[in-house]
Structure formats: C-alpha cells, structure tokens
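# A look at the structure
Now for the letters of each chain:
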Amino acid sequence: GENVEQHPSTLSVQEGDSAVIKCTYSDSASNYFPWYKQELGKRPQLIIDIRSNVGEKKDQRIAVTLNKTAKHFSLHITETQPEDSAVYFCAGGYNKLIFGAGTRLAVHP
Amino acid sequence: EPEVTQTPSHQVTQMGQEVILRCVPISNHLYFYWYRQILGQKVEFLVSFYNNEISEKSEIFDDQFSVERPDGSNFTLKIRSTKLEDSAMYFCASSAARGQETQYFGPGTRLLVL
C-alpha cells in the first residue's frame, strides 16, 4: 500500500549546524510533497513544499530536494536555531496526503 | 490571513456516545479533509470531500464515521459510537484544488474517549 518512510526519527544538532531529514515514498502517482513543522500540541504548519515537476526548491534557510526516479525527497535546514526545534513531518500524495512518522529535531544552543 | 478553524478544541466523551467535530474551512476552498493523530504518532488520512460527496477514504474511516457539509461554511465529522481507540487529535484541512495544492490544517480537536 501507500507508504512514506522518514528518517531519522530523532535528530540532535548544535545551533548553527545543518539538519537533513530524508523521506521515501512508494506511490508512483504522488506528485506533491509538503513538509510540515509541528510544535507540541499545535497544528502542523506547512514550511515548504515541492511539486513533481521541480527537483529543488529553496526558501531562506530551508531547502527541499526531490528525486522522482528514486522516489525520495529531503529537507535541509541550514544555520539551525533553537526555535527550529520541533517535530517535522514529510508527506506525499495526490489529493490525500500520506505522512511520514516524523523527525523530532532538537537544536541545542 | 484566512485560517481553518475547528470547534471544540477539546472534547471528552464516554465510550459509545456520538460526537460531532466541526470545522470551518477557508472560504474559497473546495476540497476538505479530515486527518487524525494519535498521541505521539504520525498524522493519518481519514477522508477527503468534494462537491458534497466523499472523494476518498481510508480503512480507518469505517461505518462509524460520517462527514457532512450542512451549510456553505461548516464541515463536520461524526463518530456514531465512540471507542477508546478513537481518542486522538482530529485535524480538518482544506485546499483550493486537488492534487498539488497546499492543504491548510486547522488547530485540531483533541478527543478523549473514556
């Protein structure tokens, strides 16, 4: 069935370092890949998304890459800050979204 | 900036009771969704809704669940006879179109079934 795998489950970095989270998906029909940031008890907030006709997209310190042939996509956060600490979810799909299991990112000052 | 809203923020109910969770999607959006998130787990798709009918549903969305758009602004999720395992955060989302369109999530309703 449709599945999105996300790694790592936890990630701890020092402030200023980069963080990379990777996801793979199984459904070839997926053409939309958003990334959500979720703070404790809050709603998922979209931070960046990429569509299947694009290989890379950047927004300030955040970038996402997509490899449709290999069915994987990655989130890159540069110059991490303590306020980046949260759970990050990747998702993929067409219409409905299938979410990964999440990555708990901790940025230490 | 327009946002998806949900009520109530918290709901406590007894097992076997019916609950209705309410959502007001962003006003010009046409596609509506319900997702749930069991504590500490990932977000799971329940159902999508367009043009007054269900367009897709997951295995979780069994006969105990139903959705409705009773008027031009509200979108509701009804759980007919709640079970302990229905305890979760329920998120409504909406998008302007299907496919590659951004889905905006509401703040969620935390449902606790005792």
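Throughout what follows, the structure given in this document is the object of discussion.

Attention shifts here to the sheet that holds strand β8 (residues 75-79) of chain B. All names here are of chain B. With antiparallel pairing, the 4 strands of this open sheet are ordered in space as β1-β3-β8-β7. Single-partner strands in this sheet number two, and they are β1 (5-7) and β7 (65-68). Taking the axes of each pair of neighbouring strands and ignoring which way they run, one obtains an average angle of 20° across the sheet. For strand β3 (residues 19-24) and β8, the ladder comprises 5 bridges, and the chain directions are antiparallel. Each bridged residue has a counterpart across the sheet, and for Ile20 the counterpart in β8 is Lys78.

What follows deals with the packing of aromatic side chains. Per the counting criterion, the structure on display carries 18 aromatic pairs over all chains. On the numbers, 5.1 Å between centres and 75° between planes, the contact of A:Tyr36 with B:Phe105 is edge-to-face. Placement of the pair is A:Tyr36 in strand β4 (residues 32-38) and B:Phe105 in strand β10 (residues 104-105), with the two residues belonging to separate chains. The residues A:Tyr36 and B:Phe105 share a single accessibility class, namely buried. Between the aromatic rings of B:Tyr35 and B:Phe45, the centroid separation amounts to 5.7 Å while the plane-to-plane angle is 70°, which identifies the pairing as edge-to-face. In this pair, B:Tyr35 is assigned in strand β4 (residues 31-37) and B:Phe45 in strand β5 (residues 43-50), connecting sequence segments 10 residues apart. Just as B:Tyr35 is buried, B:Phe45 falls in that class too. An aromatic cluster of three or more residues is present, and its members are A:Tyr36, A:Phe89, A:Phe99, B:Tyr33, B:Tyr35, B:Phe45, B:Phe91 and B:Phe105.

Below, the discussion takes up the environment of B:Ser81. All names here are of chain B. Structurally, Ser81 is set in the loop between β8 and β9 (88-95). The exposure class assigned to Ser81 is partly exposed, which follows from its relative accessible area of 29%. On a C-alpha basis, the gap between Ser81 and Gln11 in space is 14 Å, while along the polypeptide they are 70 residues apart. In contact with Ser81, other than residues within four places in its own chain, are Gly16, Gln17, Gln64 and Asp86.

This part covers the interface of chain B and chain A. If you look at the interface, chain B gives 24 residues, while chain A gives 21 residues. Carbon and sulfur atoms supply 48% of the area that chain B and chain A bury against each other, a total of about 2,000 Å² over both sides. Taken together, the links from chain B to chain A amount to 2 salt bridges. We note a salt bridge from A:Lys96 to B:Glu56, for which the minimum N-O separation is 3.0 Å. Inspection of the chain B/chain A interface yields 11 residue pairs in polar contact (both at pLDDT 80 or more). Those elements that place two or more of their residues in the side of chain B that touches chain A are β4, β5, β6 (53-57) and β9 of chain B.

This next bit is on the pattern of salt bridges. Within this structure, the stated rule accounts for 8 salt bridges over all chains. A:Glu2 is the salt-bridge partner of A:Lys96, the closest N and O atoms lying 2.7 Å from each other. Taken as a pair, A:Lys96 in strand β10 (residues 96-99) and A:Glu2 in the segment before β1 (4-7) lie far apart in primary sequence, 94 residues in all. The class of A:Lys96 is buried, set by a relative accessible area of 11%. Measuring nitrogen to oxygen at the nearest pair gives 2.9 Å for the salt bridge that ties A:Arg61 to A:Asp84. Taken together, the positions of A:Arg61 in the loop between β6 (56-59) and β7 (62-67) and A:Asp84 in the loop between β8 (72-77) and β9 (86-94) put the pair 23 residues apart, joining distant regions of the chain. The buried category is assigned to A:Asp84, whose relative accessible area is 7%. Bridged by salt links that share partners, the residues A:Glu2, A:Lys96 and B:Glu56 form one connected network.

Here is what the cut-offs are and how they apply
- Residues numbered from 1 in each chain as written.
- Chains lettered and ligands numbered in written order.
- Predicted model: local features only at pLDDT ≥ 70, side-chain atom pairs only at ≥ 80, totals over all residues.
- Heavy atoms only, no water.
- Pairing = 2+ DSSP bridges.
- Helix = DSSP H or I, 4+ residues; strand = E, 2+ residues; numbered from the N terminus.
- Axes fitted to C-alpha atoms, helices over the stretch in contact; angles between N-to-C directions.
- Phe/Tyr/Trp six-rings, centres within 6.5 Å; stacked < 30°, edge-to-face > 60°.
- Buried < 20%, exposed > 50% of the residue type's maximum accessible area, 1.4 Å probe, protein only.
- Contact = heavy atoms within 4.5 Å.
- Buried area = accessible area lost by both parts, 1.4 Å probe.
- Salt bridge = Lys/Arg side-chain N within 4 Å of Asp/Glu carboxyl O.
- Polar contact = N/O pair within 3.5 Å; in protein donor to acceptor, adjacent residues only side chain to side chain.

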